[in-house]
Amino acid sequence: MPIGGVIFLTIFIAVFGTALIYLARLTGGMRKNNSAVKKEVYECGIPGQEKKDTKISVKFYLTAILFILFDIEIIFMYPWAITFKEFISKGQGAFVFVSMMIFIAIFIFGLFWEIKSKALEWD
Amino acid sequence: MGKDLFEVVVNCVKLLAIFLFMVQAVPILVWLERRGSAFIQNRFGPNRVGPLGLMQLLADALKFLKKEDFAPEAAVRPLFYAAPVFALIPATLAYCAIPFSIPLSVEAFELFGQSWGPYIFKMQGYEMNVGIVFILGVSSLAAYTIMMAGWGSGSKFSLMGALRASAQIVSYELALGLSIVGVIMLYGTFNLTDMVMAQQGPLQFSAFGKVIQLGWLPNWGIFYQPLGFILFFAAAFAESNRLPFDLAEGEAELVAGFHVEYGGFKMLMFFIGEYGHMLIASGLVATFFLGGYGIPIWTVADVRAWLGTMFESPQTVDLMTMLIHLVSYLTKLAIFLWIFIQVRWTLPRFRYDQLMELGWKTMLPWALGNTIVTALVIYLVS
């Protein structure tokens, strides 16, 4: 059962990593009373800004959405790819090939439309 | 995990050994990276501490031990501390699914007044029938650890680095996933061991009802899928956040990206995760396109027959065959790891819009084209 190994390894690494961080705290120490400047996040020379002030480009959101769409489409190709030779040997190659080509044509149309609508332009 | 106690224990030890191999590979790779960069760029690498600077690894570890544990006040502490631990998990889980060598069979034996075995131990953490899907799925969880670190640090630089890294990882995952559709079509399996077995022996394929054989070339995937190889390898660079795709860490603009607030062992764990992804990428490229643990042209049976003329007992022959294939696998792994390092110190970094353009507008259409052409050729020749 591979799932047993996966679970065992996950638990082991979680414990191992936590222990490593804890041991490093013991050897390296951890100060309680840090000065206000030390407690700030990293900034180069000027007073630090909190991340709340950061505006994030909407393009990241768009990329994530488009990724989900296209990734699902690609995952649909996997079961087709794995059975492609089997279908050919059973004489149904043409049907499977043409139906996947239609699917890929829709995929290409989607990609083309996405490029045309400038969803992938970064400025 | 096994039929009885002995098998379960051996399998657990095997998983831990693979994990330790991964952790151990990191300081050596870091040393190789710094030393190699020194040779490539004509400057000094670590060359003072011990012979060839090898003791530098120990000195680094000692320095990490003495680092103060510190989290900035704006940090979200649970996320900040959990992120490095979680960074280890996807890399290790995925790496354990890659086969290292042929299975080792152990004959029945007596121990503690009980008879055990016979056993067959696979030389990989666990064999998955859906190996590829598992590896792709698990290793892409790395995007979450990067987001955890970026958001948890409470720093602007971390957040920007994490956003860039996750957008980059998901974009190149499309090209990565699509570039191996051709490979899957070719072998008709998700199982990595079956793929390696399909690449044994000299180049041989059947076209138009005839069998064509080229004795001087190995039967590797790279000769059937050269474009897939290039696309997969390039996407793997982006997946593991390596130069020329290391926009997430671009020192000139983001200092260190998502791990800017980390130090000591916490940062080391991110390093293990990153180098783990390099190991996965190298292992996968070797398995898909270069015959995995196989030896060029010779099949496993050939190697076994050759060793059979030198050793008496079948157990020794089995063990030696396993070791030879293990060495073959590690050699391929080392070659690809070196290419990773060499590319890092040779190519300059992309601009971010160029990076996204390359992923979406160049690699994705080429990977689609590769899929179509592969399907067409497989359909026409058979």
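Computed from a predicted structure; not experimentally measured.

The rules behind each value
- Residues numbered from 1 in each chain as written.
- Chains lettered and ligands numbered in written order.
- Predicted model: local features only at pLDDT ≥ 70, side-chain atom pairs only at ≥ 80, totals over all residues.
- Helix = DSSP H or I, 4+ residues; strand = E, 2+ residues; numbered from the N terminus.
- Rg over C-alpha atoms; globule rule 2.2 N^0.38 Å.
- Buried ≥ 20, exposed ≤ 12 C-beta atoms within 10 Å, placed from the backbone.
- Contact = placed C-beta atoms within 7 Å.
- Core = buried A, V, L, I, M, F, W, Y, C linked by C-beta atoms within 7 Å.
- pLDDT = per-residue confidence, 0-100.
- Axes fitted to C-alpha atoms, helices over the stretch in contact; angles between N-to-C directions.
- Parallel < 35°, antiparallel > 145°, perpendicular 65-115°, else oblique.
- Left-handed = near helix turned anticlockwise from the far one by under 90°.
- Nonpolar A, V, L, I, M, F, W, Y, C, P; charged D, E, K, R; others polar.
- Pairing = 2+ DSSP bridges.
- Expected span 1.5 Å × (residues − 1).

Side note on the overall build of chain A
Link 1 in the chain: Counting its regular elements, chain A contains four helices and zero strands.
Link 2 in the chain: From first element to last, N terminus to C terminus, chain A shows the α and β order α-α-α-α.
Link 3 in the chain: Its C-alpha atoms give chain A a radius of gyration of 26 Å, clearly above 14 Å, the size a compact globule of 123 residues would have.
Link 4 in the chain: Along the three orthogonal principal directions, the C-alpha set of chain A runs to about 75 × 50 × 15 Å.
Link 5 in the chain: Across the 123 residues that make up chain A, the buried fraction comes to 14%.

Some remarks on the overall build of chain B
Link 1 in the chain: The helix and strand tally for chain B stands at 15 helices and six strands.
Link 2 in the chain: Relative to the 2.2 N^0.38 estimate, which gives 21 Å for 382 residues, the radius of gyration of chain B is 23 Å and therefore close to what a compact globule would have.
Link 3 in the chain: Burial statistics for chain B: of 382 residues in total, 48% are counted as buried.
Link 4 in the chain: Long-range pairs, those at least 24 residues apart, make up 75% of the contacts in chain B with a sequence separation of at least 6.

A word on the nonpolar core
All names here are of chain B.
Link 1 in the chain: Ala 175, Phe 232, Ala 235 and Val 285 are the most contacted members of the largest nonpolar core, which totals 125 residues.
Link 2 in the chain: With 15 residues, helix α12 (residues 264-289) is the single largest residue contributor to this core.
Link 3 in the chain: Not counting residues up to four positions away in its chain, the partners in contact with Ala 235 are Tyr 172, Ala 175, Leu 176, Ser 179 and Met 363.
Link 4 in the chain: Residues Ile 102, Val 300, Val 303 and Met 322 belong to the second largest nonpolar core, which totals five residues.

Notes on the environment of Leu355(B)
All names here are of chain B.
Link 1 in the chain: Structurally, Leu 355 is set in helix α15 (residues 352-381).
Link 2 in the chain: Under the C-beta neighbour-count criterion, Leu 355 is labelled buried, with 22 such atoms within 10 Å.
Link 3 in the chain: Along the backbone, Leu 355 and Thr 193 are 162 residues apart, and their C-alpha atoms lie at a distance of 34 Å.
Link 4 in the chain: In contact with Leu 355, other than residues within four places in its own chain, are Gln 168, Phe 245, Leu 247 and Phe 350.

Details of the interface of chain A and chain B
Buried accessible area, meaning the area lost when the parts come together, often serves as the stated size of an interface.
Link 1 in the chain: Taken together, the contact between chain A and chain B spans 56 residues of the former and 67 residues of the latter.
Link 2 in the chain: Sorting the residues of the side of chain A that touches chain B by element identifies α1 (2-28), α3 (58-89) and α4 (93-116) of chain A as the ones contributing at least two each.

Focus on the confidence of the model for chain B
Residues and elements named next belong to chain B.
Link 1 in the chain: Confidence in the prediction of chain B, expressed as mean pLDDT, is 84, and 98% of residues score 70 or more.
Link 2 in the chain: Considering each helix and strand of chain B separately, the mean pLDDT is smallest for helix α11 (residues 251-254), with a value of 68, and largest for helix α10 (residues 226-239), with 90.
Link 3 in the chain: Scored by ipTM, the complex comes to 0.85, with pTM at 0.88.

Considering the confidence of the model for chain A
Link 1 in the chain: Scored by pLDDT, chain A comes out at a mean of 83, with 94% of its residues at no less than 70.
Link 2 in the chain: For chain A, the element scoring lowest by mean pLDDT is helix α2 (residues 36-39) of chain A, at 76; α4(A) scores highest, at 88.

Thoughts on the environment of Leu16(B)
Link 1 in the chain: Position of Leu16(B) among the secondary structure elements: in helix α1 (residues 5-40).
Link 2 in the chain: For the pair Leu16(B) and Gly125(B), spaced 109 residues apart in sequence, the C-alpha to C-alpha distance is 8.8 Å.

Describing the packing of α1(A) against α1(B)
Helices that pack against each other are described as a pair by the angle of their axes relative to one another and the distance between those axes.
Link 1 in the chain: With their axes 10 Å apart at the nearest point, α1(A) and α1(B) run at an angle of 50° to one another. The orientation of α1(A) with respect to α1(B), classified from their angle, is oblique. Both α1(A) and α1(B) take part in a crossing whose hand is right-handed. Packed against α1(A), whose contacting residues are Gly5(A), Phe8(A), Leu9(A) and Phe12(A), the element α1(B) presents Asn11(B), Cys12(B), Leu15(B), Leu16(B) and Phe19(B) at the interface.
Link 2 in the chain: Its residues placed into classes, the contact of α1(A) with α1(B) shows seven nonpolar, two polar and no charged.

Re the pairing of strand β5 (residues 202-207) of chain B
Link 1 in the chain: Sheet topology note: the β5(B)/strand β6 (residues 210-218) of chain B ladder contains six bridges and is antiparallel. Bridge pairing links Leu203(B) to Leu214(B) in β6(B).

Thoughts on α10(B)
An α-helical segment advances 3.6 residues per turn. Residues three or four places apart therefore align on the same side.
Residues and elements named next belong to chain B.
Link 1 in the chain: End to end, α10 covers 20 Å across 14 residues, agreeing with the expected 20 Å (1.5 Å per residue, within 8%).
Link 2 in the chain: Most of α10 is tucked away, with 11 of its 14 residues classed as buried.
Link 3 in the chain: Buried positions along α10 lie against α6 (156-179), α7 (181-187), α9 (221-224), α12, α14 (314-344) and α15.
Link 4 in the chain: Positive phi shows up at Asn 241, right after α10, with a value of about 60°.

A word on unusual backbone geometry
Working note: non-glycine residues mostly have negative phi, and peptide bonds are mostly trans.
Residues and elements named next belong to chain B.
Link 1 in the chain: For Asn 42, which is not glycine, the phi dihedral falls at a positive 55°.
Link 2 in the chain: Topologically, Asn 42 is positioned in the loop between α1 and α2 (56-65).
Link 3 in the chain: Given 6 C-beta atoms within 10 Å, Asn 42 falls into the exposed group.

Considering the packing of helix α3 (residues 77-95) of chain B against helix α5 (residues 142-152) of chain B
Residues and elements named next belong to chain B.
Link 1 in the chain: Two elements in contact, α3 and α5, have axes whose closest approach is 8 Å; the angle formed by their N-to-C orientations is 160°. In terms of orientation, α3 lies roughly antiparallel with respect to α5. Judged by the sense of rotation from one axis to the other, the crossing of α3 with α5 is left-handed. Every residue of α5 that contacts α3 at Leu 79, Phe 80, Ala 82, Ala 83, Phe 86, Ala 87 and Pro 90 is listed here: Ala 142, Thr 145, Met 148, Ala 149, Trp 151 and Gly 152.

Considering the environment of Leu330(B)
Link 1 in the chain: Here Leu330(B) shows up in helix α14.
Link 2 in the chain: As a C-alpha pair, Leu330(B) and Ala286(B) span 44 residues in sequence and 9.7 Å in three-dimensional space.

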